[in-house]
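# Descriptive structure summary
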Amino acid sequence: MKTFLNKSLLITRPLEDGLAFSKQIQKLNSSINTICAPLFEIESLSLQKDLSEFTAIIVTSSNAIRSLTQSRVKYEGPVFCVGRATALLAKKAGFFPITSIGNTNNLYDLIRNLMPVGPEKLLYFRGEEIVGDLGNLLRKKNYNVEEEICYKKTPKKFSKKIVDSIGTKSIVGSTFFSKQTVKMFFNNVQYIPNGFAGFCISEDVSKTLLSVYPEISLTLRIAKEPSMEEMCKLVVAAPEFAG
């Protein structure tokens with residue numbers, strides 16, 4: 001990964017996930033310079049839940065699998081998850097993943113296709129903040145879904161060099177994967193130049209970004225679907241990194 005060249009993209013995800021995202025971008029366009037500067041790291045929470053009464057588990061993030069692994073959770077039933085990376089991690093941890101490629105909407109469709117509505121209990125392991133309310137969507141269709149928060153975000157501070165590089169436009173844009181990320185970014189950077197590009201995973205995230213920088217003329221780029229794949233495509237197609 002290169003650092004601090006002109007026209008750089010700031011990736012604000014936790015370091016392990018940020019490096020993986022950077023690697024995917026580099027595969028698609030090796031000329032795009034990325035800088036990984038996490039706004040937070042993930043803290044796994046201790047889990048003591050009895051899983052024997054649950055027919056299936058749901059996870060929408062690799063962080064949930066890492067939390068289950070850290071708490072040495074054992075489960076032999078199906079684990080519904082989003083994305084190849086999460087499925088691979090789940091398989092390595094000894095779980096039996098059933099994977100939806102795409103986003104939580106695709107996972108919702110998969111669960112509805114494979115799981116009948118009935119008394120069977122599903123357990124959704126999730127973080128404090130999520131993109132899309134999967135648990136509530138399933139409950140509206142009369143699924144018996146419980147939710148368990150298994151990880152949280154611990155904020156981190158940008159270095160002065162990162163903040164200065166945003167001000168001088170060496171960093172021309174940043175990724176925003178959640179509304180909470182936007183707020184953490186603002187806590188670190190009160191001033192950004194006009195034209196700064198926000199690569200947002202959803203329209204809701206982009207609206208939050210506009211709300212915290214009301215006097216700045218931002219360039220908003222929004223993924224077609226809230227997924228890592230679409231965020232990669234969004235970055236690669238951006239004119240900020242053309243040529």
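Anything mentioned here points back to the structure above.
So, a few notes on the structure that sits alongside this text. (Residues numbered from 1 in each chain as written. Predicted model: local features only at pLDDT ≥ 70, side-chain atom pairs only at ≥ 80, totals over all residues. Heavy atoms only, no water.)

## Some thoughts on the sheet that holds strand S2 (residues 33–36)
As summarised here, the arrangement of the five strands in space is S2-S1-S9-S10-S11, forming an open sheet in which the pairing is parallel. Two strands close off the open sheet at either side, each with one partner strand: S2 and strand S11 (219–222). Within the sheet, the average angular offset between the axes of one strand and its neighbour, ignoring direction, is 25 degrees. Two elements, strand S1 (residues 8–11) and S2, share four bridges in a ladder whose sense is parallel. By the bridge assignment, Leu 9 is partnered in S2 with Thr 34. Along the sheet, helix H8 (residues 203–212) contacts strand S9 (171–176), strand S10 (197–200) and S11; its crossing angle with S11, the most-contacted strand, is approximately 165 degrees. (Pairing = 2+ DSSP bridges. Helix = DSSP H or I, 4+ residues; strand = E, 2+ residues; numbered from the N terminus. Axes fitted to C-alpha atoms, helices over the stretch in contact; angles between N-to-C directions. Contact = heavy atoms within 4.5 Å.)

## Focus on helix H9 (residues 228–237)
Those residues of H9 lying buried are Glu 230, Met 231, Cys 232, Leu 234 and Val 235. Turning to H9, the residues buried within the fold contact S1, helix H1 (15–28), S9, S10 and S11. (Buried < 20%, exposed > 50% of the residue type's maximum accessible area, 1.4 Å probe, protein only.)

## Some remarks on the environment of Leu 134
Within the secondary structure, Leu 134 sits in helix H5 (residues 134–140). Here the alpha-carbon distance between Leu 134 and Leu 107, two residues 27 residues apart in the chain, equals 8.6 Å. In this view, Leu 134 contacts Ile 58, Thr 60, Thr 104, Leu 107, Tyr 108 and Tyr 124; residues no more than four positions away in its chain are not counted.

## So, the pairing of S1
Looking along a regular strand, one sees the side chains alternate between the two faces of the sheet. The alternating pattern of S1 places Ser 8 and Leu 10 and Leu 9 and Ile 11 on opposite faces, both of which are buried. Crossover S1 to S2 through H1 is right-handed. In terms of strand pairing, S1 meets S9 through three bridges, oriented parallel. When the sheet's bridge partners are listed, Leu 9 is paired in S9 with Gly 173. (Right-handed = clockwise from strand over helix to strand, strands pointing away.)

## So, the packing of helix H2 (residues 62–70) against helix H3 (residues 84–92)
Put simply, H2 and H3 touch, their axes get as near as 9 Å, and they point 10 degrees apart. Relative to H3, the element H2 is oriented roughly parallel. Taken together, the residues of H3 that come into contact with H2 (itself represented by Ser 62, Ile 65 and Arg 66) are Ala 85, Thr 86, Leu 89 and Ala 90. Grouping the amino acids of the contact of H2 with H3 by side-chain chemistry returns four nonpolar, two polar and one charged. (Parallel < 35°, antiparallel > 145°, perpendicular 65-115°, else oblique. Nonpolar A, V, L, I, M, F, W, Y, C, P; charged D, E, K, R; others polar.)

In short, geometric facts, not functional conclusions.
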